[in-house]
Amino acid sequence: MASGTKGVTVSYHIGYAPDATAPAQSASTGKGGFNVQSVAVADLNTAAYDSNATVTVVLSDDNGNALATYEGKVADATNALNLKQGSTSPNVEAVKNEAVAVNGKSLPAKA
């Protein structure tokens, strides 16, 4: 990466999700997992984009398989991008990679 080039960092907002098979018991048994409910993009130069630009974050596993897609407006990206309709929040332990794009143009990760 060229010196002086800034990248972005993705942070996760994690919540406890009870085991879907026995949600009533999971709270007491601890069965369930910690899922990525939403994401935020740090170090994003929001002023460089139109306020209606769309930010997309795709979380994937070790094999590059997409686990979930989060989407929202540039103005919301530094606070929280929510799950795109049709996606389900993945277990945080399954997430190994993330890709960030604004209006379909990929942004580099922070070095």
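In what follows, the structure referred to is the one given above.
Residues numbered from 1 in each chain as written. Predicted model: local features only at pLDDT ≥ 70, side-chain atom pairs only at ≥ 80, totals over all residues. Heavy atoms only, no water.

Here's the deal with the overall build of the protein
Part 1 of the argument: Regarding its fold elements, the protein presents 2 helices and 7 strands.
Part 2 of the argument: The proportion of buried residues among the 111 residues of the protein is 31%.
Part 3 of the argument: A sequence separation of at least 24 residues applies to 58% of the contacts in the protein between residues at least 6 apart.
Part 4 of the argument: On the protein, roughly 6,700 Å² of surface is accessible, and the fraction owed to carbon and sulfur atoms is 48%. (Helix = DSSP H or I, 4+ residues; strand = E, 2+ residues; numbered from the N terminus. Buried < 20%, exposed > 50% of the residue type's maximum accessible area, 1.4 Å probe, protein only. Contact = heavy atoms within 4.5 Å. Areas by Shrake-Rupley, 256 points an atom, 1.4 Å probe, with all protein chains shown as cover.)

Here's the deal with the sheet that holds strand 1 (residues 9-18)
Part 1 of the argument: The sheet built from 7 strands is open, its strands ordered 1-2-5-4-3-6-7 with antiparallel pairing. Edge positions in the open sheet fall to strand 1 and strand 7 (105-107), since each of these has one partner strand only. Between one strand axis and the next, the sheet turns through 30° on average, direction left out of account.
Part 2 of the argument: As paired elements, strand 1 and strand 2 (residues 32-42) share 10 bridges and run antiparallel to each other. The residue of strand 2 that forms the bridge with Val10 is Val41. (Pairing = 2+ DSSP bridges. Axes fitted to C-alpha atoms, helices over the stretch in contact; angles between N-to-C directions.)

Quick look at the nonpolar core
Part 1 of the argument: Ranked by internal contacts, the top residues of the largest apolar core, which has 19 residues, are Val41, Val55 and Val57.
Part 2 of the argument: Among the secondary structure elements, those contributing two or more residues to this core are strand 2, strand 3 (54-60), strand 4 (66-73), helix 2 (74-77) and strand 6 (97-102).
Part 3 of the argument: Not counting residues up to four positions away in its chain, the partners in contact with Val55 are Val41, Leu44, Tyr70, Glu71, Gly72, Lys73, Val74, Ala77, Leu81, Val100, Ala101 and Val102. (Core = buried A, V, L, I, M, F, W, Y, C linked by side-chain atoms within 4.5 Å.)

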